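# A structural walkthrough
These are the residues of each chain, in order.
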Amino acid sequence: HRCGHHLLPAFNGWRVAGTCEAALDTCKSSKNHDAPKRSDYSDHLFPNLEEYLKAEHAEWLPFPKEDRELLADSVLKAAWVNCRIPLLQRYDMVDCTPAEWISAYEEPHRMLGPNAVEA
């Protein structure tokens, strides 16, 4: 797995298995590595990223782990805060956006409206 430009998984409709909360952890974070992952092919729930990748995407192993704050993180957080409303509706996600992200990054005059994303 290689990617030079990452978005938060929720931008693509990824939800936390079992809660349907928007997935707001970067793919390399420890929290993402430790979180359960649902199979691409069934309802099976793997206990963590490594077990999921071993079973379904072995070619992506070893998968990097990185827990440092990057400048890009603030850009991703701001983008999520201001785009989240139509994405939450489109992908039937539960909004778990941290209050501190909203207070730091929300720009009401620039936010996407609820109908900005087509089904």
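Our subject in this report is the structure included herewith. (Residues numbered from 1 in each chain as written. Predicted model: local features only at pLDDT ≥ 70, side-chain atom pairs only at ≥ 80, totals over all residues. Heavy atoms only, no water.)

The helix and strand tally for the protein chain stands at four helices and two strands. Over its C-alpha trace the protein chain gives a radius of gyration of 15 Å, about what one expects of a compact globule, namely 14 Å for 119 residues. Along the first, second and third principal axes, the C-alpha set of the protein chain runs to 45 × 30 × 25 Å. Within the protein chain, contacts between residues at least 6 apart in sequence are counted, and of these 51% link residues at least 24 apart. For the protein chain, the accessible surface area stands at approximately 7,800 Å², while carbon and sulfur atoms represent 52% of it. Taking the average place of the 13 positive charges on the side chains of the protein chain and the average place of its 19 negative ones, the gap between the two points comes to 3 Å. (Helix = DSSP H or I, 4+ residues; strand = E, 2+ residues; numbered from the N terminus. Rg over C-alpha atoms; globule rule 2.2 N^0.38 Å. Contact = heavy atoms within 4.5 Å. Areas by Shrake-Rupley, 256 points an atom, 1.4 Å probe, with all protein chains shown as cover. Lys, Arg positive; Asp, Glu negative; His and termini not counted. Charge placed at Lys NZ, Arg CZ, Asp CG, Glu CD.)

Let us now look at the pattern of salt bridges. The full count for this structure, using the stated rule, is six salt bridges. Of the charged contacts in the structure, one is a salt bridge between glutamate 51 and lysine 54, with a shortest N-O distance of 3.4 Å. Of this pair, glutamate 51 and lysine 54 both sit in helix α2 (residues 49-56), three residues apart, roughly one helical turn. Overall, the relative accessible area of 31% leaves glutamate 51 in the partly exposed class. Since its relative accessible area comes to 46%, lysine 54 is described here as partly exposed. With a closest N to O distance of 3.1 Å, aspartate 95 and arginine 84 form a salt bridge. On the criterion of sequence distance, the pair formed by aspartate 95 in the loop between α3 (71-90) and α4 (99-105) and arginine 84 in helix α3 is long-range, its members being 11 residues apart. The class of aspartate 95 is partly exposed, set by a relative accessible area of 37%. On the basis of relative accessibility, which here comes to 7%, the residue arginine 84 falls in the buried class. Connected through shared salt-bridge partners, Glu50, Glu51 and Lys54 make up one network. (Salt bridge = Lys/Arg side-chain N within 4 Å of Asp/Glu carboxyl O. Buried < 20%, exposed > 50% of the residue type's maximum accessible area, 1.4 Å probe, protein only.)

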